[in-house]
Amino acid sequence: MSIQFPLVADGKLDAQQHAPRFKSVAGAGDAPLPIGTAVLSSEQVFSPLLLMKQSALENNLRQLADFCREQGVMLAAHGKTSMSPAILRRAITEGGAWGLSAATPAQVRALRQFGIRNVFLANQLVDPAGIRWMGEWQKQHPDHGFLCYVDSLQGVRLLEQHLGDSQIAVLLEMSVSGGRTGCRTQATALEIATAIAASPALQLVGVAGYEGALGAGRDSAGIARVHDYCQMLIATAARLAEKRLFASDHIILSAGGGAWFDVVTACFTEAQLPFPVTPLIRSGAYMAHDNGLYARINPFSQPGATHHFNAALEIWGRVLSRPEPGLAFVDFGRRDVPFDQDLPNPMWVRDADGSAPRAAGAMRISEVNDQHAYLLLPEADELKVGDWVGCGISHPCTAFDKWRYLPLVDDDYCVTDSLETAF
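Residues numbered from 1 in each chain as written. Predicted model: local features only at pLDDT ≥ 70, side-chain atom pairs only at ≥ 80, totals over all residues. Heavy atoms only, no water.

Peer 1: Is there a simple way to explain the overall build of the chain in this structure?
Peer 2: The number of helices and strands found in the chain is nine helices and 18 strands. Here the C-alpha atoms of the chain give a radius of gyration of 24 Å, agreeing with the 22 Å that 2.2 N^0.38 yields for 423 residues. Each principal axis of the C-alpha atoms in the chain carries an extent, and together these give about 85 × 55 × 35 Å. Look at the contacts in the chain between residues 6 or more apart in sequence, and 69% of them connect residues 24 or more apart. Within the chain, the 44 negative side-chain charges are centred at a point lying 5 Å from the centre of the 34 positive side-chain charges. (Helix = DSSP H or I, 4+ residues; strand = E, 2+ residues; numbered from the N terminus. Rg over C-alpha atoms; globule rule 2.2 N^0.38 Å. Contact = heavy atoms within 4.5 Å. Lys, Arg positive; Asp, Glu negative; His and termini not counted. Charge placed at Lys NZ, Arg CZ, Asp CG, Glu CD.)

Peer 1: Hey, could you run me through the sheet that holds strand E9 (residues 277–281) in this one?
Peer 2: Backbone hydrogen bonds are what pair the strands of a sheet, in a parallel or an antiparallel way. Strand order in the closed barrel formed by eight strands is E2-E3-E4-E5-E6-E7-E8-E9, with parallel pairing between adjacent strands. Each strand of the sheet is rotated relative to its neighbour by a mean of 30°, with strand direction disregarded. As judged from the three bridges shared by strand E2 (residues 74–78) and strand E3 (residues 99–102), these two strands associate in the parallel manner. Among the inter-strand pairings, Ala77 is bridged to a residue of E3, identified as Leu100. Sitting on the sheet, helix H8 (residues 261–269) touches strand E8 (251–255) and E9, and the angle it makes with E9 is about 175°. (Pairing = 2+ DSSP bridges. Axes fitted to C-alpha atoms, helices over the stretch in contact; angles between N-to-C directions.)

Peer 1: Even after reading the chapter, I still don't get the packing of aromatic side chains, so can you show me in this structure?
Peer 2: Aromatic rings considered in pairs are described by the distance between their centres and by the relative angle of their planes. What the rule picks out here adds up to twelve aromatic pairs. On the basis of an interplanar angle of 80° and a centroid distance of 5.8 Å, the ring pair of Trp316 and Tyr413 is categorised as edge-to-face. On the criterion of sequence distance, the pair formed by Trp316 in strand E10 (residues 313–324) and Tyr413 in the loop between strand E17 (405–409) and strand E18 (415–420) is long-range, its members being 97 residues apart. Each member of the pair, Trp316 as well as Tyr413, carries the same accessibility label: buried. (Phe/Tyr/Trp six-rings, centres within 6.5 Å; stacked < 30°, edge-to-face > 60°. Buried < 20%, exposed > 50% of the residue type's maximum accessible area, 1.4 Å probe, protein only.)

Peer 1: Quick question: what am I supposed to make of helix H1 (residues 54–71) here?
Peer 2: Owing to its 3.6 residues per turn, the α-helix aligns residues three or four sequence positions apart on the same side. When the terminal C-alpha atoms of H1 are compared, their 26 Å separation across 18 residues agrees well with the 26 Å that a helix rising 1.5 Å per residue should span. Just downstream of H1, Gly72 is the residue with a positive phi angle, here 75°. (Expected span 1.5 Å × (residues − 1).)

Peer 1: Is there a simple way to think about the state of the cysteines in this case?
Peer 2: If you walk through the whole model with that rule in mind, you get zero disulfides. In this structure Cys267 is a free cysteine whose sulfur lies 4.4 Å from that of Cys230, the closest cysteine sulfur available. Classification of Cys267 as buried rests on a relative accessible area of 3%. No disulfide involves Cys391; its sulfur sits 19 Å from the nearest other cysteine sulfur, which is in Cys397. (Disulfide = S-S within 2.5 Å.)

Peer 1: Can you walk me through the side chain of Asp331 in this structure?
Peer 2: Assignment of secondary structure puts Asp331 in the loop between strand E11 (327–330) and strand E12 (345–350). It is Arg318 that comes nearest to the buried, bridge-free Asp331 among opposite-charge side chains, at 6.2 Å. A polar atom in the side chain of Asp331 sits 2.8 Å from the side chain of Ser47. (Salt bridge = Lys/Arg side-chain N within 4 Å of Asp/Glu carboxyl O. Polar contact = N/O pair within 3.5 Å; in protein donor to acceptor, adjacent residues only side chain to side chain.)

Peer 1: Honestly, unusual backbone geometry in this entry has me stumped. Any pointers?
Peer 2: Residues other than glycine predominantly adopt negative phi, and peptide bonds predominantly adopt the trans conformation. The omega torsion of the bond from Ser47 to Pro48 falls at 5°, within 30 degrees of zero and hence cis. We note that Arg244 has phi near 60°; this positive angle belongs to a residue other than glycine. On the secondary structure map, Arg244 appears in the loop between helix H7 (220–242) and E8. Residue classification places Arg244 among the exposed residues on the basis of a relative accessible area of 55%.

Peer 1: I'm lost on the pairing of strand E7 (residues 202–208) in this one. Help?
Peer 2: For a regular strand, side-chain orientation follows a simple rule: the groups alternate between the two sheet faces. Burial runs high along E7: six of the seven residues are buried. Across six bridges, strand E6 (residues 168–173) lies against E7 in parallel orientation. Bridging from a neighbouring strand, Val170 pairs with Leu204 of E7. Viewed along the sheet, the connection from E6 through helix H6 (residues 186–197) into E7 turns out right-handed. Direction of pairing for E7 relative to E8: parallel, over a ladder of three bridges. Bridge pairing in E8 links Val207 to Leu253. Following the backbone out of E7, through H7 and into the adjacent parallel E8, one traces a crossover that is right-handed. (Right-handed = clockwise from strand over helix to strand, strands pointing away.)

Peer 1: Can you help me understand the environment of Thr416 in this one?
Peer 2: Within the fold, Thr416 resides in strand E18. Sequence spacing of Thr416 and Leu33 is 383 residues, and the spatial spacing of their C-alpha atoms is 9.6 Å. Apart from residues no more than four positions distant in its own chain, Thr416 is found in contact with Ile35, Gln54, Leu408, Val409 and Asp410. A distance of 2.5 Å separates a polar atom in the side chain of Thr416 from a polar atom in the side chain of Gln54.

Here is the structure:
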């Protein structure tokens with residue numbers, strides 16, 4: 001019987017149904033994969049698939065927790081990397097974090113809904129609706145910690161205008177000329193800190209910044225540049241302490257993203273200030289780590305490091321086409337993987353049924369389109385259409401946001417938990 005498929009534009013539609021929630025789950029895609037599912041051999045899995053290895057996640061949480069305990073620093077792990085409650089709650093319960101950092105009021109709201117009690121908005125809070133929401137939350141939950149940045153007199157005025165009778169703790173943010181947000185001079189910092197100290201709505205509790213915006217490389221010059229930046233934060237804190245502008249006889253010093261938390265920690269723990277200091281670092285990418293950017297620049301990736309992170313994220317896709325020798329196309333692309341720092345790094349291959357695991361060898365991805373990856377491989381390689389190709393990724397901060405869900409798996413690639421995201 002021949003198939004009848006009329007090419008007629010008749011304007012008809014079927015009834016709309018709920019949109020699938022999980023693109024890597026077969027069928028309706030409205031429920032996570034069951035616990036125990038062997039993801040690379042299951043008929044319940046659509047390709048491509050981003051997954052997270054449980055053993056790597058647990059190692060990474062433990063390694064940074066040990067570092068913070070040994071060095072005497074606190075951790076406000078940045079939530080923006082994954083925005084996944086199942087991961088971020090572990091940062092508190094298993095990773096020893098004081099709380100979590102956020103970059104926007106919407107992220108703060110999400111973290112509160114995840115059950116996170118202490119949140120550091122490592123950014124300016126200038127949105128009126130966000131200020132009002134934050135003030136009301138703090139009034140209703142006085143036992144929940146909240147911190148944010150201020151770097152301008154207008155920022156002080158906006159907080160005062162929209163907080164009403166609420167009160168919040170703030171840190172003065174400092175930066176350098178050409179850097180990101182933050183005061184550029186101590187004179188400006190002193191003026192703003194004086195305004196904060198005079199405000200009934202605000203309490204100045206520390207000085208903060210972000211050294212990652214300096215663009216320094218991991219060489220002696222780059223280390224010196226980050227060191228000098230940290231010393232500038234310390235000197236600013238000393239000046240404000242001398243003027244008695246802090247709300248208490250205690251100072252928070254905060255910096256430290258994923259690349260420089262070792263240098264930041266060394267500087268802040270050695271700081272000589274009139275009052276006790278609490279160093280507070282804000283690393284976030286460490287939970288996932290990677291096989292690219294952070295594998296190169298992270299402190300635990302450097303020679304002589306006593307701690308180590310493992311790459312936890314893997315992208316698996318199927319071969320779509322072998323149109324010519326030395327070239328294959330895989331079914332993931334810019335919609336599925338980070339490409340802003342490095343392209344995915346082929347590491348493993350399996351047959352279409354998930355069997356016969358083997359190293360990817362000399363394979364390399366040269367380009368990604370929206371849903372295609374260009375895979376270069378030796379001309380004699382027998383990789384077939386339908387086979388699995390597994391890759392490490394670079395820069396986890398632009399990986400999770402492409403997925404509403406990814407499975408957490410054990411080392412045998414069997415599902416142990418469901419990781420949903422809230423971007």
